[in-house]
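Each chain, written out:
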Amino acid sequence: MTTVFPDGFHELEPFADWAIQGERARYAKRVASTMEELQAFYDVAFPLLQKGTVYLEQVAMEGIGEQDKRLLWAFCSLVTVAFPVEAWGQPRVPDSGPASIDAVVEPAV
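Residues numbered from 1 in each chain as written. Predicted model: local features only at pLDDT ≥ 70, side-chain atom pairs only at ≥ 80, totals over all residues. Heavy atoms only, no water.

Trainee: Describe in detail the overall build of the protein, supporting the description with residues and values.
Mentor: Looking only at helices and strands, one finds four helices and zero strands in the protein. Helices (α) and strands (β) of the protein occur, in sequence order from the N terminus, as α-α-α-α. Within the protein, the fraction of its 109 residues that count as buried is 34%. Counted over contacts in the protein with a minimum sequence separation of 6, partners at least 24 positions apart contribute 76%. (Helix = DSSP H or I, 4+ residues; strand = E, 2+ residues; numbered from the N terminus. Buried < 20%, exposed > 50% of the residue type's maximum accessible area, 1.4 Å probe, protein only. Contact = heavy atoms within 4.5 Å.)

If you want it as structure tokens, here you go:
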């Protein structure tokens, strides 16, 4: 069976669509998602964050494998959904209207 994520992270497989390269794409998925979808991803990914951090600290970024890359992107997506889940209760920033902030430089992984 082919998996999206490395061994030890099978719980994330139903959320493979959150393994998104690029901050803009992760933000677009967040605002297009329901709070129920954000909460479901958060509830599975957040308990794995420490284990994932320890795992990824052992991975060399030069020549990083596809499964490891997707795990890194999934945890980047977790960061993107954390504030809406933990504080706002909605995918968009409250009272911000159409305002946005775009990352102009981000890791090239």
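Trainee: With reference to specific residues and values, describe the packing of helix H2 (residues 35–45) against helix H4 (residues 66–88).
Mentor: In the contact formed by H2 and H4, the axes pass within 9 Å of each other and the chain directions differ by 120 degrees. Judged by the inter-axis angle, H2 sits oblique to H4. Regarding H2 and H4, the two cross each other, and that crossing is left-handed. Contacts between H2 and H4 involve Met35, Leu38, Gln39, Phe41, Tyr42 and Ala45 on the former and, on the latter, Ala74, Phe75, Ser77, Leu78, Val81, Ala82, Pro84, Val85 and Glu86. A breakdown of the residues in the contact of H2 with H4 according to their chemical character gives 12 nonpolar, two polar and one charged. (Axes fitted to C-alpha atoms, helices over the stretch in contact; angles between N-to-C directions. Parallel < 35°, antiparallel > 145°, perpendicular 65-115°, else oblique. Left-handed = near helix turned anticlockwise from the far one by under 90°. Nonpolar A, V, L, I, M, F, W, Y, C, P; charged D, E, K, R; others polar.)

Trainee: Run through the packing of aromatic side chains, naming residues and quoting values.
Mentor: What the rule picks out here adds up to five aromatic pairs. For the pair Phe9 and Tyr55, a centre-to-centre distance of 5.5 Å together with 65 degrees between the ring planes defines the contact as edge-to-face. Here Tyr55 lies in helix H3 (residues 49–57) and Phe9 lies in the segment before helix H1 (23–32), a separation of 46 residues in the sequence. Owing to a relative accessible area of 28%, Tyr55 belongs among the partly exposed residues under this scheme. (Phe/Tyr/Trp six-rings, centres within 6.5 Å; stacked < 30°, edge-to-face > 60°.)

Trainee: Please provide a residue-by-residue account of the pattern of salt bridges, values included.
Mentor: Within this structure, the stated rule accounts for three salt bridges. Of the charged contacts in the structure, one is a salt bridge between Lys69 and Glu66, with a shortest N-O distance of 3.4 Å. Here the residue Lys69 and the residue Glu66 both occupy positions in helix H4, the gap between them amounting to three residues, near one helical turn. Note on Glu66: relative accessible area 45%, which makes it partly exposed. One connected set of salt bridges, linked through shared partners, spans Glu66, Lys69 and Arg70. (Salt bridge = Lys/Arg side-chain N within 4 Å of Asp/Glu carboxyl O.)

Trainee: Explain the side chain of Asp68 to me, and be specific about the residues and the numbers.
Mentor: With respect to the secondary-structure elements, Asp68 resides in helix H4. In this structure Asp68 is buried but unpaired, with Arg70 as the nearest side chain of opposite charge at 8.9 Å. Ignoring any residue separated from it by four or fewer positions in sequence, one finds Asp68 in contact with Pro6, Tyr55, Leu56 and Val59. (Lys, Arg positive; Asp, Glu negative; His and termini not counted.)

Trainee: Now, about the side chain of Ser33: what can you tell me, with residues and values included?
Mentor: Positionally, Ser33 belongs in the loop between H1 and H2. Side-chain polar atoms of Ser33 contact the backbone oxygen of Lys29, separated by 2.6 Å. (Polar contact = N/O pair within 3.5 Å; in protein donor to acceptor, adjacent residues only side chain to side chain.)

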